[in-house]
Amino acid sequence: MKRLTAALAFVLLLGLTGCGESALPARYDTEGIVYLAFSDIDSVCEDSALTQAGRDLLSAQGDSLLLSYVVDSAILLTPEELGDYDHLVMVNPQWVERFGRPDRLRPVELDSLPGGMRDFLNAQMPILTADGSVLPEGMGLYRCEDGGLFAFPSGVTLGWAKPVTAKNPLVILVDDPAQALNPKSCALPLASSGNILFPDQEKLQSTFAGSGLESYAEIRALAAETR
């Protein structure tokens, strides 16, 4: 619990630091992708009405949402917890389709994981999921076969970190992040740290306007040199 609290505090802090930009590898197509640059994510997550507005905003995007979060960039995982994996990565199918190879994902059963990783997920995931379960419907565990996965640690859009290519990640695949993830403890903090991105700026803009979040965030594009 202490590790997760510290990690969430770190993610929230990123949302308050301003919005420096960091270049991405040119081989990845980030054309048209935007993100929400929050100036006060704490207020959003502490106010139930604003939290609901944030959840509604994310839900309204439908499939026009990209989730990419290297969990161990914010929460320290020991070698015993990681086992043979080099990273724990949370993504949605849209991210994998755009920046990875869906055909390389192979299902992994929770009970088959090393004890340390299994204990970590059993303790931490109920805090991050909307229904308080470890793996709600529409969320599963996978490994990448014969290749890595491009992913964002916390704070890439803020200039605090650089993207990584995880060579052998354990993947938490989330079909619908807006519904499966707790908006207060996970989804909105991830949006503030640049781990939830938006490939359809027009759609985001149409729901952002009048959402009540305009005083707390603005829409910004990824760095021009990444396109």
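Residues numbered from 1 in each chain as written. Predicted model: local features only at pLDDT ≥ 70, side-chain atom pairs only at ≥ 80, totals over all residues. Heavy atoms only, no water.

**Here we look at helix α8 (residues 183-192)**
The α-helix advances 3.6 residues per turn, and as a result positions three or four apart in sequence lie on the same side.
Link 1 in the chain: The buried fraction of α8 is high, at 9 of 10 residues.
Link 2 in the chain: Where α8 is concerned, the buried positions are P183, S185, C186, A187, L188, P189, L190, A191 and S192.
Link 3 in the chain: Measuring from the side-chain oxygen of the N-cap residue of α8 to the backbone nitrogen of K184 gives 2.9 Å; that N-cap residue is N182.
Link 4 in the chain: G194 sits one or two residues past α8 and shows a positive phi near 80°. (Buried < 20%, exposed > 50% of the residue type's maximum accessible area, 1.4 Å probe, protein only. Helix = DSSP H or I, 4+ residues; strand = E, 2+ residues; numbered from the N terminus. Polar contact = N/O pair within 3.5 Å; in protein donor to acceptor, adjacent residues only side chain to side chain.)

**Let's talk about the sheet that holds strand β2 (residues 66-70)**
Backbone-to-backbone hydrogen bonds pair the strands of a sheet. The strands run either parallel or antiparallel.
Link 1 in the chain: One open sheet holds the 6 strands; their spatial order is β4-β5-β8-β3-β2-β9, and the pairing between them is mixed. Both edges of this open sheet fall to β4 (105-108) and β9 (196-197), since each of them pairs with a single strand only.
Link 2 in the chain: Where strand β5 (residues 139-144) meets strand β8 (residues 170-174), 5 bridges bridge the pair, whose relative direction is antiparallel. Within β8, the residue paired with Y142 across the bridge is V171. (Pairing = 2+ DSSP bridges.)

**Quick notes on the environment of P93**
Link 1 in the chain: Note on placement: P93 falls in helix α5 (residues 93-99).
Link 2 in the chain: Placed 27 residues apart in sequence, P93 and L66 show a C-alpha to C-alpha distance of 8.3 Å.
Link 3 in the chain: Leaving out residues up to four positions away in the same chain, P93 has contacts with L173, V174 and D175. (Contact = heavy atoms within 4.5 Å.)

**Considering helix α6 (residues 115-128)**
Link 1 in the chain: Its 14 residues give α6 an end-to-end C-alpha distance of 20 Å, which sits within 8% of 20 Å, the value for a rise of 1.5 Å per residue.
Link 2 in the chain: The axis of α6 is deflected most strongly, by about 25°, at N122, and proline P126 appears within four residues downstream.
Link 3 in the chain: Three or more residues of α6 are buried, namely M117, F120, L121, Q124, M125 and L128. (Expected span 1.5 Å × (residues − 1). Bend = angle between axes of the 7 residues up to and from the residue.)

**Quick word on the packing of aromatic side chains**
The description of two aromatic rings rests on the distance between their centres and on the angle between their planes.
Link 1 in the chain: Per the counting criterion, the structure on display carries 5 aromatic pairs.
Link 2 in the chain: Aromatic side chains W95 and F99 sit 4.3 Å apart centroid to centroid with 45° between the ring planes, which places their arrangement in the tilted category. Here W95 pairs with F99, and both are found in helix α5, just 4 residues apart, close to one helical turn. In this structure, W95 and F99 share a single accessibility class: buried.
Link 3 in the chain: For the ring pair F99 and F150, a centre distance of 5.5 Å and an interplane angle of 55° mean the geometry is tilted. With F99 in helix α5 and F150 in strand β6 (residues 149-151), this residue pair connects regions lying 51 residues apart in the sequence. Accessibility classification places F99 together with F150 in one group, the buried group.
Link 4 in the chain: An aromatic cluster of at least three residues, connected via ring pairs, comprises W95, F99, F150 and F152. (Phe/Tyr/Trp six-rings, centres within 6.5 Å; stacked < 30°, edge-to-face > 60°.)

**A few points about the confidence of the model for the chain**
Link 1 in the chain: Residues of the chain with pLDDT of at least 70 account for 85%, and the chain-wide mean is 87.
Link 2 in the chain: The model gives residues 1-26 a pLDDT under 50, and that stretch makes 78 contacts with residues more than four places away or in other chains. (pLDDT = per-residue confidence, 0-100.)

**Focus: the pattern of salt bridges**
Link 1 in the chain: Enumeration over the complete set of coordinates arrives at 4 salt bridges.
Link 2 in the chain: Measuring nitrogen to oxygen at the nearest pair gives 2.8 Å for the salt bridge that ties D103 to R101.
Link 3 in the chain: Residue class for D103 comes out partly exposed when judged on its relative accessible area of 43%.
Link 4 in the chain: In this structure, a network of salt bridges that share partners links the residues R106, R143 and E145. (Salt bridge = Lys/Arg side-chain N within 4 Å of Asp/Glu carboxyl O.)

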